[in-house]
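Structural features, examined
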Amino acid sequence: MPSNLTPLGALPSRFRRERVLIVGCGDVGLRVARQLPPKLKLIALTSTAARLPALRAEGITPLQGNLDDAATLRRLAGLATRVVHLAPPPNHNPDWRSDPRTLALLRTLRLRSLPRSLVYGSTSGVYGDCGGDWVSETRSVNPHTPRSQRRVHAEGHLRLFGRATGTKIHILRIPGIYASDREGGTPRERLLKGTPVLRQEDDVYTNHIHADDLARACLAALWRGKPQRVTHVSDDTRMKMGDYFDLAADLYQLPRPPRAPRSTAQQQLSLMLLSFMSESRRLNNQRMKTELKLVLRYPTVASGLRAA
């Protein structure tokens, strides 16, 4: 019966249980969905009608909408109790430093009842080049590329949203993602092409996380993450990029890639690859272990590649 506390009566059961919304339900988003218990209501935003059957087959309720068209997002308002935001910023935008997709999502979430928590998948690239130093979550950001600047823009607006609304915002800064069953998730294709890596004296440190461990980190942050915090999601590998490709080549029984000085690599490699090869840092992942209490299934790159 209706009461002063609930004038409309008891809420329907579908609104009493937790409802998790995944925005950007690609490879990692699907891994998140598969690790959630069936008692939860699972919703995913997709901009592609062709993906609707595949999402339903995973036990996900798909909602068609486009982060680049705010008018299509109104159905998301008040829908979810928790949100996993994995959608990347647009590559082409008149203001190349901003992420209008995250702004559109946050404006929509403000329209009705707010989610309890929101986890955002950012990038470790927000630190820029650290000269191989160890990096903790308290280090100031220093993005060197438009891609990273857009992530910093998104992080800032998410923090403001959390402070203004009380929603628990937890930001995961993510390095390179790998998995044998992920498209482009192993270095094998690059090894087969013989793409060169930097010689030892020019080489940079690189960081990695297995896609399944990343999905588990998303869920841990969604329920256990402290509000308005940043966590590095990285395995325990401490390798330079060339050594990583050498290890992968040995495991795949393929030739090791040629080494090149930075001066000639600039003529041989794409701008995207060069941007990765111009930044060196080692992520401290202690907060992931102590606060999220995440024990990695793939604690090193080698274990993940051997699983392939």
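Everything numeric here is computed off the predicted structure, so don't read it as measured data.

Quick notes on the pattern of salt bridges
All chains considered together, the criterion is met by 23 salt bridges. Notably, a salt bridge pairs R31 with D181, separated by 2.8 Å at the nearest N-O pair. One end of the pair, R31, is in helix 2 (residues 27-35); the other, D181, is in the loop between strand 8 (176-178) and helix 6 (188-193), with 150 residues separating them in the sequence. Assessed through its relative accessible area of 57%, D181 is described here as exposed. Measuring nitrogen to oxygen at the nearest pair gives 2.8 Å for the salt bridge that ties R34 to E58. One end of the pair, R34, is in helix 2; the other, E58, is in the loop between helix 3 (52-57) and strand 3 (61-64), with 24 residues separating them in the sequence. Residues participating in the shared-partner salt-bridge network are D203, D243, D246, D250, R256 and R259.

Here we look at the environment of H85
Note that H85 resides in strand 4 (residues 82-85). It is 27 Å that separates the C-alpha atoms of H85 and P187, two residues lying 102 residues apart in sequence. If sequence neighbours within four positions are ignored, H85 has contacts with V23, T102, L105, L118, V119, Y120 and G121.

Some thoughts on the nonpolar core
Counting 32 residues, the largest nonpolar core has V32, I60 and L172 as its most contacted members. Ranked by size, the runner-up nonpolar core spans 23 residues in total, among them L21, I43, A104 and V230.

Thoughts on unusual backbone geometry
At Q228, a residue that is not glycine, the phi angle is positive and equals roughly 55°. Positive phi outside glycine occurs at K293, with the angle close to 55°. In this structure, K293 sits in the loop between helix 11 (286-290) and helix 12 (301-307).

Quick look at helix 7 (residues 211-224)
Here helix 7 spans 20 Å end to end across 14 residues, near enough to the 20 Å set by a 1.5 Å rise per residue. Taken across its 14 residues, helix 7 has twelve buried, putting it largely inside the fold. Within the span of helix 7, buried status applies to A211, D212, D213, L214, A215, R216, A217, C218, L219, A220, A221 and L222.

Concerning the packing of helix 4 (residues 100-109) against helix 5 (residues 146-165)
One can describe the packing of helix 4 onto helix 5 by two numbers: an axis separation of 10 Å at closest approach and a directional angle of 15°. Of the possible angle classes, the one that applies to helix 4 and helix 5 is roughly parallel. Of the two possible hands of crossing, helix 4 and helix 5 adopt the one that is right-handed. Across the interface between the two elements, T102, L103, L106 and L109 from helix 4 touch H153, A154, H157, L158 and F161 from helix 5. Looking at the contact of helix 4 with helix 5, its residues break down into six nonpolar, three polar and no charged.

Parameters and conventions
- Residues numbered from 1 in each chain as written.
- Predicted model: local features only at pLDDT ≥ 70, side-chain atom pairs only at ≥ 80, totals over all residues.
- Heavy atoms only, no water.
- Salt bridge = Lys/Arg side-chain N within 4 Å of Asp/Glu carboxyl O.
- Helix = DSSP H or I, 4+ residues; strand = E, 2+ residues; numbered from the N terminus.
- Buried < 20%, exposed > 50% of the residue type's maximum accessible area, 1.4 Å probe, protein only.
- Contact = heavy atoms within 4.5 Å.
- Core = buried A, V, L, I, M, F, W, Y, C linked by side-chain atoms within 4.5 Å.
- Expected span 1.5 Å × (residues − 1).
- Axes fitted to C-alpha atoms, helices over the stretch in contact; angles between N-to-C directions.
- Parallel < 35°, antiparallel > 145°, perpendicular 65-115°, else oblique.
- Left-handed = near helix turned anticlockwise from the far one by under 90°.
- Nonpolar A, V, L, I, M, F, W, Y, C, P; charged D, E, K, R; others polar.

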